[in-house]
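What the coordinates show
Next come the chains, spelled out residue by residue.
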Amino acid sequence: MSLRCLIVDDEPLAHDIILQYMADVPFLEKAGQCYRVAEALELLSRQQVDLIFLDIRMPRLSGLDLLRTLQQRPMVIVTSAYEEHALESFDLDVVDYLLKPFRFERFLKAVNRAWALHNLKKQAVQPASVPIAPAVTAEPAQIYIKSDKKQIQVPLADILYLESVGNYVKVWNAQRYLLTPGTLSGFEARLPAD
């Protein structure tokens, strides 16, 4: 089982980099490449895609225009050189926002998040047949979280998002959350800068 991926970006170099990174992740499969939003809309009408790597600034229609147009939207990882579109992108439920140029480790974190979300959706539909994510690591990036008077080791790739709850932070992964004392900004300062 794999994620069928579509690259939508007007820069050929961006396609090359994403394709190189995808080649090192066994659960990613290329479904297509498009250089304009209109091409992507046409491809999406013909075939099933699980994940889109989407640039924002493109000729005629932007990546955000594409997101607003789609009624049934695949998961989306934005790949943009411009950080000012991040908030609007997350309002449109993107999985992650990769700021160009991004390293393989950051790409891997984003696709692992997409893989976990994909499996959660499959689990909701077919609880008996949830695939286990292949073990793909660039390096063992992990963090220790104090929760319930214990130090718990958590791979960074497993963290889906953080939620502030007063003087605590909920660290969510695919199955549950860990509640740890502290502030959201204090917790984020412990994470890698990428």
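Overview of the structure. Counting restarts for each chain, with residues numbered from 1 along the sequence as it is written. Only residues with pLDDT of at least 70 are given local features in this predicted model, and only at 80 or more are side-chain atom pairs given and counted; all residues enter the totals for whole chains, interfaces and linings. As a rule here, side-chain values come from all non-hydrogen atoms in the structure, and water together with hydrogens is ignored.

A few words on the overall build of the protein chain. The helix and strand inventory of the protein chain stands at six helices and 10 strands. A burial count over the protein chain gives 43% of its 194 residues as buried. Long-range pairs, those at least 24 residues apart, make up 53% of the contacts in the protein chain between residues at least 6 apart in sequence. A total accessible area of about 11000 Å² is found for the protein chain, and carbon and sulfur atoms account for 52% of it. Helix and strand definitions here come from DSSP, where helices need a minimum of 4 consecutive H or I residues and strands a minimum of 2 consecutive E residues; each element is numbered from the N-terminal end. Only protein chains enter the accessibility calculation, which uses a 1.4 Å probe; a residue is then buried when its area is under 20% of its type maximum, exposed when over 50%, and partly exposed in between. Pairs of residues are marked as contacts when any of their non-hydrogen atoms sit within 4.5 Å. In this description, accessible areas are obtained by the Shrake-Rupley approach with a 1.4 Å probe, and a residue is regarded as covered only by the protein chains that are shown.

For the rest of this paragraph, the subject is the pattern of salt bridges. Salt bridge, as used here: a side-chain nitrogen of Lys or Arg that lies within 4 Å of a carboxyl oxygen of Asp or Glu. Counting across every chain of the model gives 11 salt bridges. A salt bridge links Lys100 to Glu11; its shortest N-O distance comes to 3.9 Å. One end of the pair, Lys100, is in the loop between β5 (96-99) and α5 (104-125); the other, Glu11, is in the loop between β1 (3-8) and α1 (12-23), with 89 residues separating them in the sequence. On the basis of relative accessible area, Lys100 is assigned to the buried category, the value being 18%. Take Glu11: its relative accessible area is 39%, and that puts it in the partly exposed class.

Strand pairing in a sheet is mediated by backbone hydrogen bonds. Such pairs are either parallel or antiparallel. As summarised here, the arrangement of the five strands in space is β2-β1-β3-β4-β5, forming an open sheet in which the pairing is parallel. Every other strand in the sheet has two partners, leaving β2 (28-34) and β5 as the edge strands with one partner each. With strand direction ignored, the average angle separating the axes of adjacent strands in the sheet is 20°. Any two strands with at least two DSSP-identified bridges between them are counted as paired. Bridge count for β1 against β2 is six bridges, and the pairing is parallel. Each bridged residue has a counterpart across the sheet, and for Val8 the counterpart in β2 is Cys34. Axis definition: a line fitted to C-alpha atoms, limited for helices to the stretch in contact. Angles are taken between N-to-C directions and run from 0 to 180 degrees. Contacts from α1 reach β1, β2, β3 (51-54) and β4 (75-80) within the one sheet, and its direction differs from that of β2 by about 170°.

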